[in-house]
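Here is what each chain is made of, one letter per residue.
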Amino acid sequence: MRPCRAGGKLVVFLLLLLLSLPAAAQSSQIQVARQFLIAVLSGDNSAAYKLLAPEVSSTVSKKQFRAAVRPMYEQGRELGRPIALYKLGLRLGDEAQPRYFYAFSFKSDTLQAKPRVMLDVTFRDTTATRILSFGMIPAPQSKRK
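Note that the coordinates shown come from a computational prediction; the quantities given were computed from them, not determined experimentally. (Residues numbered from 1 in each chain as written. Predicted model: local features only at pLDDT ≥ 70, side-chain atom pairs only at ≥ 80, totals over all residues. Heavy atoms only, no water.)

Draft legend 1. Quick look at the nonpolar core. Among the nonpolar cores identified, the biggest contains 27 residues, and Phe 36, Leu 37, Leu 119, Phe 123 and Ile 131 are the most heavily contacted of them. Of all the elements in the fold, those that place two or more residues in this core are helix 2 (29-42), helix 3 (45-49), helix 5 (62-79), strand 2 (98-106) and strand 3 (117-123). Per element, the largest residue contribution to this core is 7 residues, and it comes from helix 2. Each residue touching Phe 123, except ones within four places of it in the same chain, is listed here: Gln 29, Val 32, Ala 33, Arg 99, Tyr 100, Tyr 102, Ala 128, Thr 129, Arg 130, Ile 131 and Leu 132. (Core = buried A, V, L, I, M, F, W, Y, C linked by side-chain atoms within 4.5 Å. Buried < 20%, exposed > 50% of the residue type's maximum accessible area, 1.4 Å probe, protein only. Helix = DSSP H or I, 4+ residues; strand = E, 2+ residues; numbered from the N terminus. Contact = heavy atoms within 4.5 Å.)

Draft legend 2. Seen up close, helix 5. Taking 1.5 Å as the rise per residue, helix 5 with 18 residues should run 26 Å; its terminal C-alpha atoms sit 25 Å apart, in good agreement. Its axis deflected by about 40 degrees at Val 69, helix 5 carries its strongest bend there, up to four residues before the proline Pro 71. Those residues of helix 5 that fall on the buried side of the exposure criterion are Phe 65, Val 69, Met 72, Tyr 73, Gln 75, Gly 76 and Leu 79. Within two residues after helix 5, Gly 80 carries a phi angle of roughly 100 degrees, on the positive side. (Expected span 1.5 Å × (residues − 1). Bend = angle between axes of the 7 residues up to and from the residue.)

Draft legend 3. Representation of helix 2. Taking 1.5 Å as the rise per residue, helix 2 with 14 residues should run 20 Å; its terminal C-alpha atoms sit 20 Å apart, in good agreement. Of the residues flanking the end of helix 2, it is Gly 43, one or two places downstream, whose phi is positive at about 80 degrees.

Draft legend 4. Structural context of the sheet that holds strand 3. Strand order in the open sheet formed by 4 strands is 1-2-3-4, with antiparallel pairing between adjacent strands. The outermost strands of the open sheet, each flanked by one partner alone, are strand 1 (83-92) and strand 4 (131-138). The average undirected angle you get between the axes of adjacent strands in this sheet is 25 degrees. Bridge count between strand 1 and strand 2: 9 bridges; the pairing is antiparallel. Paired with Ile 83 across the strands is Phe 106, a residue of strand 2. Contacting strand 2, strand 3 and strand 4, helix 5 runs over the sheet at an angle of about 45 degrees to strand 4. (Pairing = 2+ DSSP bridges. Axes fitted to C-alpha atoms, helices over the stretch in contact; angles between N-to-C directions.)

Remember, this is a structural readout, not a statement about activity or role.
Right, here's the structure in full:
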């Protein structure tokens with residue numbers, strides 16, 4: 001009995017076709033940060049939890065996570081879900097380790113001189129695509145004279 005050569009050629013063709021396709025691009029930090037915040041603001045805690053760094057999800061239970069993101073969710077209900085990047089940069093973390101952060105504001109605050117609150121997402125380094133920390137930061141307000 002002869003092996004089927006047409007089937008073998010088809011397998012080789014399919015392998016070559018798959019190798020010629022570009023690899024799926026990994027999401028950038030800003031995309032991950034936005035995806036995380038949109039999930040939190042939408043109440044999709046499962047999707048948001050999956051974006052946490054392993055060292056965070058190993059120490060924070062899903063129940064603790066839900067409690068931690070609840071104020072952000074409530075703020076989104078009050079100010080609306082649409083968000084916009086407000087600033088990004090480096091912040092010194094523990095032991096003077098630089099941490100990359102992205103701060104988003106609610107689009108409803110765009111006509112304000114400064115946003116009322118910022119949604120902050122931090123990454124371990126430039127290559128990390130899992131979230132190391134997150135939170136809500138009251139935006140600095142100008143002092144009245």
